[in-house]
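If you want the building blocks of each chain, they are given just below.
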Amino acid sequence: MEIVRSQRKTSDSAAAAPTISLYRSAPNIEVRLDDFELFAIDRLRVLKGISDGLSRGKKPEEMEKLVSELWRTNMRLQEQSETMEKDVISHFVLRLVYCRTFFVFSEDQRKWFLSMETALFRYRFRFESPDSQNVKDKLNQVARSIGQPVVNADAIFFKVPFEEVAELVSNRRVFLFKGYAYVAMNQVVSLVATQFRSLLSKALVLTNRKWTSTIREQEKDRLTPIVEALSTSYLGPDYSQAKEFGEVSLKDIEQLANSSFPLCMRHLFEKLREEHHLKHGGRMQLGLFLKVGSERFDKEYAYSIRHNYGKEGKRTDYTPYSCQKIISSTPGVGDHHGCPYRHFSEENLRAALGKMGVGGRTMDDVMDKVRNRHYQLACTLTFESIHASSCDAGINHPNQYFTDSQKVLKTKVTIFKLLDI
Amino acid sequence: MLIDGHEPVQQQVSTIPKGFNPDHLKVYYGKLFPHADIFKWMSYGNDGKHPGCDLSYFGRREFSFTLENDIYLRFQSFNSATELEHAIREKCPFKIDIGPVYSVDPAKRHAYAQGGDNVFTPMERELIFDIDMSDYDDVRYCCSGADVCLDCWPLMTVAIKVMDRALRDDFGFDHILWVYSGRRGVHCWVCDRRARRLTNEQRAAVADYFRVYKGSENNAKKVSLTGPVLHPFLARSYTDVLEVFFEKKLLCGQQLFSTQEKYEKILAIIPDESTAAELHDRWQGNRRSSIPKGDPNIVRWEQLKHTLQSGKHKGQGLRRCIEEIVFSYTYPRLDMEVSKHMNHLLKAPFCVHPKTGRVCVPIDPDHCEDFDPTAVPALSEVSSLKTVET
C-alpha cells in the first residue's frame, strides 16, 4: 500500500496520524465480521455528510471544517494505527458495495461514491499538506543555499500535460500554453486527487469483475448478505423502482402536477404543455421523474421515454435524478431543467413560487435560504408551506417530494372523509 | 454585395427543384462525395501501408446512416474505402453520422458480448464541438430558430476565431477541421492523436474551459465573470476578438440599443438598479435637446460605458459588467453535451443537409470571415453541374 506522508513529522500530537492512503492494494489483515459492516457504515456516514454539505452549497472553508468533524466523530479511533486500519478496511468494503453498480445500482451511484471518496481524499490531503508558508521557507532556504535569488512562493509552479489536471482546466485555474498546464503550488492537490480518482475508478471495474465471477458465490453465506444490505442501508429509498402510485394517466398528471410536483418538475411540465417540446436535459429530468407512459408523452418523445425506461439504447433502467444531481446540472440556452431555487433569477423564482401559493413570510424565508445557497432547504420550506405539514427529513429527491406530498394529501382526504366534510 | 452578382445563376438553377432530392443525392454520392478522402482521414495512417499500423482501426469506427423516413441504422462499420463507398451508394443515406472507434467492431458487438470479457466500449474519438445559431436567438433580431443570414452569421465567425485560437495556442492541437453544418451552425473536429484519446472527464474539462455562458431561460444574467482580472484566455479573446466585433459589427448590425425592448435587455445585466434606471431614464426621455449626433446604438453604448466606468460608480462589479455584456452577446455558445462524451455522433463532413440541401463544406478558420453560408453549393446545383460536365 502506498502512503502519502506529510512532511510535518514533529509538532503537536493532536495533529498526529498525518497519513492518507491511495488504497492501491487491499490490506492483508483479518477483520472481524462486525467491524466489516460497522466500519463501512461509519465511512458511509462520512461520505453522506460530505454529499449533503456539497448539495447545500457549503463554501470550501465550511466544507473543510465539516469533513474534519465528520472524520473525527465517525472514523477516529484511539490508536493511530487503528484509525488507519479502519480507514483502509472501510474503504475496501465500500468498494465492494459500489462496484456492483451495473447490476443493482444505477451508474449514478458508482459515480457518487467515486466523487465523494475523491472529495474526502482532497480534504484530508489538504489537512495533511504542509502549508505554503512552510514550503516557501524551505524553498527560500534551498535557493539561498545554492546562491540563487529568493523565490517568491507565488512563483512556484508545475508544468504538466493538461489532461493530468482536468479539473483545474475546467475551472480555468491554470495557465494553458501549447497543451501544458502551469499549475501553482497551491493547486497541486488537484493533481493528486485526479490520480486518486482515476485509480479508484479503474479499481472499481476490476473489483466488480472479481465480485461477480468468484466472491459473490464463495461468500454467499457470509459477506454477500452484508455487502448487499449495505448498498441500501444508508442512501434512502431507491426511486428507480418506485411504482407506489401505479400508472398515472395524462389527465391525472395535470392535477398531480399542481398538487404534488416539486417546483422543478412543475416548471418543466408547464413548459412542455406550453411549447410541446423540451430539450434533452428537460426531457430526461421530467421523463425519469414521471416514469409513466402518458400517451401524449409517448407519442411525442417515444424514443426518449422508452430510452428512459431502458427499453431502447443501452437498455439500462435510468434512475430518476436526485436533488443533488439536479442542483449541480448546468442548464443552457433554451433549457428549463435544473433546480429553480438555484437556476432561476430571484424575480422569476418569486413569480413561480407565487403561482404555487407561497407568499408573505414564507416567501422571504425561502428566498433567504436561496441566498445562502441552501436550495434543498428552500424546497423543503416550500413543501411545508403548501402542504401545511412539516417535513423533518428535508427534501432530497423530487420523487420523495412527490411521495411525501401524496401521503399528506391522502391523509387529509381520509380525515375529511372521517369528518364527513 | 456579392449576392447580387450571383442572382442570375441562382435563377437558372432554380428550374430544378431547390433543396433536397434523393435522385440528386444518388448522383452526388456516386460522383462527388469524397469516400476515399474520408477513409484516409479516419484511418489516421492505419491503412496497411505503414509499419506497425493497426489494420482493424477503421473497421472499429461506428458509422450511422439515417435513411428516408427517419430509419436509423446505427453501428455500421466498414473495413475498406470500397466497402464504405458501396454501402453509401447503395443505401443512399440522407444523413451520415460518425461515432467513435470502439474496442471491437461495432457491427459485431453482440457476438463479442457472448464471450464475456470483451467489453464493447469507445476507445478513441475526435474531440468535437457543435455551435448552433438557434442558441443565439436572444441576441439576434434578424432571424430566429433555424434561419441564418449575413447579419447574424458573423456570430459563428467569432466563435470559430475564439475557439480555433485557443485549441491551437492553449491546448496545443494542430489538426482541426471546421465544417459548416449545412443550415445554422458549425462543427469542429479536433483530430490530434492526443485529442482522440481524451477520456470523457477530460473532454468535459476542455468543454468547461470554454464555458462562460451559463444562462438558462430563467435568468437574465447569462454570463458571470468573477475575480479581479480575467483568465488569460478570456482576456485575450475579449481584446483580440469579442470587443472589436461587438463594437464594430454587432452593435449596429443587430441595432442592439435601437428600441426600448432591446436596451432593457442589456440594462437587465447591470447589477446596480439605480445605474440601470438612470440610463433607462436618459434614453427614454431622449428629447431632441439631448440627442447627440450619430447612430443611437453607438451613442448609447458609449454612454453606458461612460456611466459604468465613471468615478460615481467605482464598484469593480460595474466595470466588469461591460465585459459581461460583450461576453453575453458575442462569446461562443457551445452545445456542451456533444463535446463531453466519446460516443456522441456527429454528422460527417460533405453530407448534404436534408432540409436545406446544402453541402456541409469545410471552413478555413484563417479566412472564416469570407465564408458565406448563403453561397454554399446546394445539392441541386452540384449534382447537375457535374452531370453536365461528364
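Each chain carries its own residue numbering, running from 1 in the written order of its sequence. To label them, take the chains in the order written and letter them from A, then take the ligands in the order written and number them from 1. In keeping with the model being predicted, local features are shown solely for residues with a pLDDT of at least 70 and side-chain atom pairs are shown and tallied solely at 80 or more, while totals for entire chains, interfaces and linings include all residues. Side-chain measures here rest on the full set of heavy atoms in the structure, leaving out hydrogens and waters.

**Focus on the overall build of chain B**
Starting at the N terminus, helices and strands are each numbered in turn, a helix being any DSSP run of H or I of at least four residues and a strand any DSSP run of E of at least two. Scanning chain B from terminus to terminus reveals 15 helices and nine strands. Contact between two residues is taken to exist if any of their heavy atoms lie within 4.5 Å; hydrogens are not considered. Residue pairs at least 24 apart in sequence account for 69% of intrachain contacts in chain B once pairs closer than 6 positions are excluded. The Shrake-Rupley method, run with a 1.4 Å probe, gives the accessible areas here. Residue values count only the displayed protein chains as cover. In the form shown here, chain B has an accessible surface area of approximately 18,000 Å², with 51% of it arising from carbon and sulfur atoms.

**Observations concerning the nonpolar core**
One recurring pattern in soluble globular proteins is that nonpolar side chains are buried together. What is meant by a nonpolar core is a set of buried Ala, Val, Leu, Ile, Met, Phe, Trp, Tyr and Cys residues, joined one to another through side-chain atoms within 4.5 Å. Using a 1.4 Å probe on the protein chains alone, a residue whose accessible area is under 20% of its type maximum counts as buried, one over 50% counts as exposed, and one in between counts as partly exposed. In terms of nonpolar packing, the biggest core is built from 124 residues, with Phe129, Phe171, Phe210, Leu304 and Phe327 of chain B touching the most fellow members. With near-sequence residues (within four places) excluded, Leu304 of chain B lies in contact with Phe257, Ile266, Leu267, Ile270, Leu279, Trp283 and Ile325 of chain B.

**Here's the deal with the packing of helix 11 (residues 273–284) of chain B against helix 12 (residues 296–309) of chain B**
Residue and element names in this part refer to chain B. Here an axis means a line fitted to C-alpha atoms, over the contact stretch when the element is a helix, while the angle between two N-to-C directions is reported on a 0 to 180 degree scale. Put simply, helix 11 and helix 12 touch, their axes get as near as 11 Å, and they point 150° apart. Classified by the angle between their axes, helix 11 and helix 12 sit roughly antiparallel to one another. Read as a crossing pair, helix 11 and helix 12 show a hand that is right-handed. Facing helix 11, whose interface residues are Thr275, Glu278, Leu279, Arg282 and Trp283, helix 12 presents Arg300, Gln303, Leu304, Thr307 and Leu308. Under the scheme applied here, ten amino acids are nonpolar (Ala, Val, Leu, Ile, Met, Phe, Trp, Tyr, Cys and Pro), four are charged (Asp, Glu, Lys and Arg), and all others, including Gly, are polar. The residue makeup of the contact of helix 11 with helix 12, split by class, is four nonpolar, three polar and three charged. If an angle is under 35 degrees, it is roughly parallel; if it is over 145, roughly antiparallel; if it lies from 65 to 115, roughly perpendicular; otherwise it is oblique. Helix crossings fall into two classes, left-handed where the near helix is turned counterclockwise from the far one by less than a right angle and right-handed where it is turned clockwise.

**Concerning the side chain of Ser237 of chain B**
All names here are of chain B. Inspection of the secondary structure assignment puts Ser237 in helix 9 (residues 232–253). Judged by relative accessible area, Ser237 falls into the buried class, the value being 3%. Among residues more than four places away in sequence, those in contact with Ser237 are Val162 and Leu242.

**Comments concerning the confidence of the model for chain B**
Residue and element names in this part refer to chain B. When pLDDT is averaged across chain B, the result is 86; 86% of the residues are at 70 or more. The score called pLDDT rates the predictor's confidence residue by residue, from a low of 0 to a high of 100. Confidence, read as mean pLDDT per element, is least for helix 1 (residues 2–13) in chain B (40) and greatest for strand 6 (residues 176–180) (98). Here residues 1–17 is modelled with pLDDT under 50, and outside its nearest four sequence neighbours on either side it reaches 11 contacts, counting other chains as well. Reported for the predicted complex are a pTM of 0.64 and an ipTM of 0.83.

**Description of the interface of chain B and chain A**
Each side of the interface is counted separately: chain B has 33 residues, and chain A has 28 residues. Buried area is understood as the total, over both parts, of accessible area removed when two parts are fitted together, assessed with a 1.4 Å probe. Buried area between chain B and chain A, summed over both chains or domains, comes out near 2,500 Å², and the portion from carbon and sulfur atoms is 52%. The rule for a salt bridge is simple: a side-chain nitrogen of Lys or Arg has to be within 4 Å of a carboxyl oxygen of Asp or Glu. Applying the counting criterion to the chain B and chain A interface returns three salt bridges. A salt bridge links Asp135 of chain B to Lys279 of chain A; its shortest N-O distance comes to 3.4 Å. Throughout this description, a polar contact denotes any pair of N or O atoms lying within 3.5 Å of each other; where both atoms belong to protein, one of them has to be capable of donating a hydrogen while the other can accept it, and for residues adjacent in sequence the pair is counted only when both atoms sit in side chains. Connecting chain B to chain A are 10 residue pairs in polar contact (both at pLDDT 80 or more). Every element with two or more residues in the side of chain B that touches chain A is listed here: helix 6 (154–169), helix 8 (200–210) and helix 9 of chain B. Looking at the side of chain B that touches chain A, the element that brings in the most residues is helix 8 of chain B, giving seven residues. Taken together, the residues that form the side of chain B that touches chain A break down as 14 nonpolar, seven polar and 12 charged.

**Remarks on the packing of aromatic side chains**
Stacked, tilted and edge-to-face pairs are distinguished by plane angle, under 30 degrees for stacked and over 60 for edge-to-face with tilted covering the rest, among Phe, Tyr and Trp rings (Trp via its six-membered ring) whose centres lie within 6.5 Å. For the structure shown, the criterion picks out 41 aromatic pairs over all chains. A ring pair is formed by Tyr44 of chain B and Tyr57 of chain B, whose centres lie 6.3 Å apart and whose planes are at 90°; its orientation type is edge-to-face. Note that Tyr44 of chain B is positioned in the loop between helix 3 (35–43) and strand 1 (61–67) and Tyr57 of chain B in the loop between helix 3 and strand 1, a separation of 13 residues in sequence. Here the aromatic cluster, defined as three or more aromatic residues joined through ring pairs, consists of Phe162 of chain A together with Phe129, Phe171, Phe173, Tyr209, Phe210 and Phe233 of chain B. Sitting over a ring, as applied to charges here, requires NZ of Lys or CZ of Arg to be within 6 Å of the ring centre and within 35 degrees of the ring normal. Over the aromatic face of Tyr321 of chain A sits the side chain of Lys325 of chain A, whose NZ or CZ is 4.7 Å from the ring centroid. The ring of Tyr44 of chain B is capped by Arg196 of chain B, whose NZ or CZ atom sits 3.5 Å from the centre of that ring.

**Some details on the packing of helix 10 (residues 263–275) of chain A against helix 11 (residues 280–290) of chain A**
All names here are of chain A. The N-to-C vectors of helix 10 and helix 11 enclose an angle of 110°; their axes lie 10 Å apart at closest approach. Viewed along their axes, helix 10 and helix 11 adopt a mutual orientation that is roughly perpendicular. Like other packed secondary-structure pairs, helix 10 and helix 11 cross with a definite hand, here left-handed. Of the residues in helix 11, those touching helix 10 at Cys264, Met265, Leu268, Phe269 and Leu272 are Gly282, Gln285, Leu286 and Phe289. In terms of residue class, the contact of helix 10 with helix 11 is made up of seven nonpolar, two polar and no charged.

**As for the layout of surface pockets**
A probe matching the size of a water molecule, rolled over the atoms, marks out where space remains unfilled. Residue and element names in this part refer to chain A. Any residue with an atom within 4 Å of a point lines the site, the site being either a cavity, points on a 1 Å grid over the protein atoms alone where a 1.4 Å probe fits but cannot get out, or a pocket, an open set with protein on both sides within 12 Å along at least 5 of 7 lines. Grid points are joined across faces, edges and corners, and a volume is the space filled by probe spheres set on the points. Empty space within the second largest pocket amounts to approximately 870 Å³. Ala26, Pro27, Phe92, Val93 and Leu96 are the residues nearest the centre of the second largest pocket, which is lined by 28 residues in total. Counting residues per element, the ones that place at least two in the lining of the second largest pocket are helix 1 (33–55), helix 3 (80–99) and helix 7 (188–218). Among the residues forming the lining of the second largest pocket, the class breakdown is 18 nonpolar, three polar and seven charged.

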